[in-house]
Amino acid sequence: MLSELRTAHKVIGVKQSKKAIRDGKAAEVFVALDAEKRVVGPVYELCSETDTKLTEITTMTELGDAAGIDVGAAVVTVLR
């Protein structure tokens, strides 16, 4: 799925991802393991509460590259 992230319908960032998860629009959430836990902690909680698939990626740089952006990303959410 990570290879398909560049072309998938998605949102990037914690705030937009949290909104998508709460609204039931998230198909899968990708979280970078090197992101600050205080920042991504609420995303883990929401995914657990809503039974949303969560995949961990090694680095923010790797996740940003996969999403097609020039900077790192803590969270990327693929939408339904």
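These numbers come from a predicted model, not from an experiment. Residue positions are given per chain, counted from 1 along the sequence in the order it is written. Note on the predicted model: pLDDT of at least 70 is required for a residue's local features to be given, and 80 or more for side-chain atom pairs to be given and counted; whole-chain, interface and lining totals, by contrast, use all residues. Each side-chain value is derived from all of the structure's non-hydrogen atoms; neither hydrogens nor water enter the calculation.

## Details of the overall build of the protein
Numbering goes from the N terminus for both helices and strands, where a helix is a DSSP run of H or I of at least four residues and a strand is a run of E of at least two. For the protein, the count of helices and strands is three helices and four strands. Taken from the N to the C terminus, the helices and strands of the protein come in the order β-α-β-α-β-α-β. Computed over its C-alpha atoms, the radius of gyration of the protein comes to 11 Å, within 12% of the 12 Å expected for a compact globule of 80 residues. If one aligns the C-alpha atoms of the protein with their principal axes, the spans along those axes are about 30 × 25 × 20 Å. Here, residues are in contact when the closest pair of their heavy atoms is within 4.5 Å. Residue pairs in contact within the protein that sit at least 24 positions apart in sequence constitute 78% of those at least 6 positions apart. For the protein, the computed accessible surface area is about 4,700 Å², with 50% contributed by carbon and sulfur atoms. It is over C-alpha atoms that the radius of gyration is taken, and the globule rule equals 2.2 Å times the number of residues to the power 0.38. Methods summary: accessible areas were calculated by the Shrake-Rupley approach with a probe of 1.4 Å, and residue burial reflects only the protein chains presented.

## Concerning the environment of Leu2
Inspection of the secondary structure assignment puts Leu2 in the segment before strand E1 (10-12). Taking the C-alpha atoms as reference, Leu2 lies 11 Å from Thr77; in sequence the two are 75 residues apart. Each residue touching Leu2, except ones within four places of it in the same chain, is listed here: Phe30, Ile57, Glu62, Leu63 and Ala66.

## Quick look at the pattern of salt bridges
By definition here, a salt bridge exists when the distance from a side-chain nitrogen of Lys or Arg to a carboxyl oxygen of Asp or Glu is within 4 Å. In total, this model carries three salt bridges according to the counting rule given. For Lys19, the salt bridge identified is with Asp23, shortest N-O distance 3.0 Å. The exposure class assigned to Asp23 is partly exposed, which follows from its relative accessible area of 41%. A salt bridge links Lys53 to Glu28, with the shortest nitrogen-to-oxygen separation between them at 3.7 Å. A residue pair is termed long-range when its members are at least 10 positions apart, and Lys53 in strand E3 (residues 53-57) and Glu28 in strand E2 (residues 26-32) qualify at 25 residues. Here the term buried applies to any residue with accessible area under 20% of the maximum for its type, exposed to any over 50%, and partly exposed to those in between, with areas from a 1.4 Å probe on protein chains only.

## Considering helix H3 (residues 60-67)
All buried positions along H3 are accounted for by Leu63, Gly64, Ala66 and Ala67. Around the axis of H3, the buried residues are gathered within 165 degrees of arc, so they sit on the same side. Buried-residue contacts for H3 involve E1, E2, E3 and strand E4 (75-79). Positive backbone phi, approximately 85 degrees, marks Gly68, located one or two places after H3. It is the directions from the helix axis to the C-beta atoms that the arc portrays.

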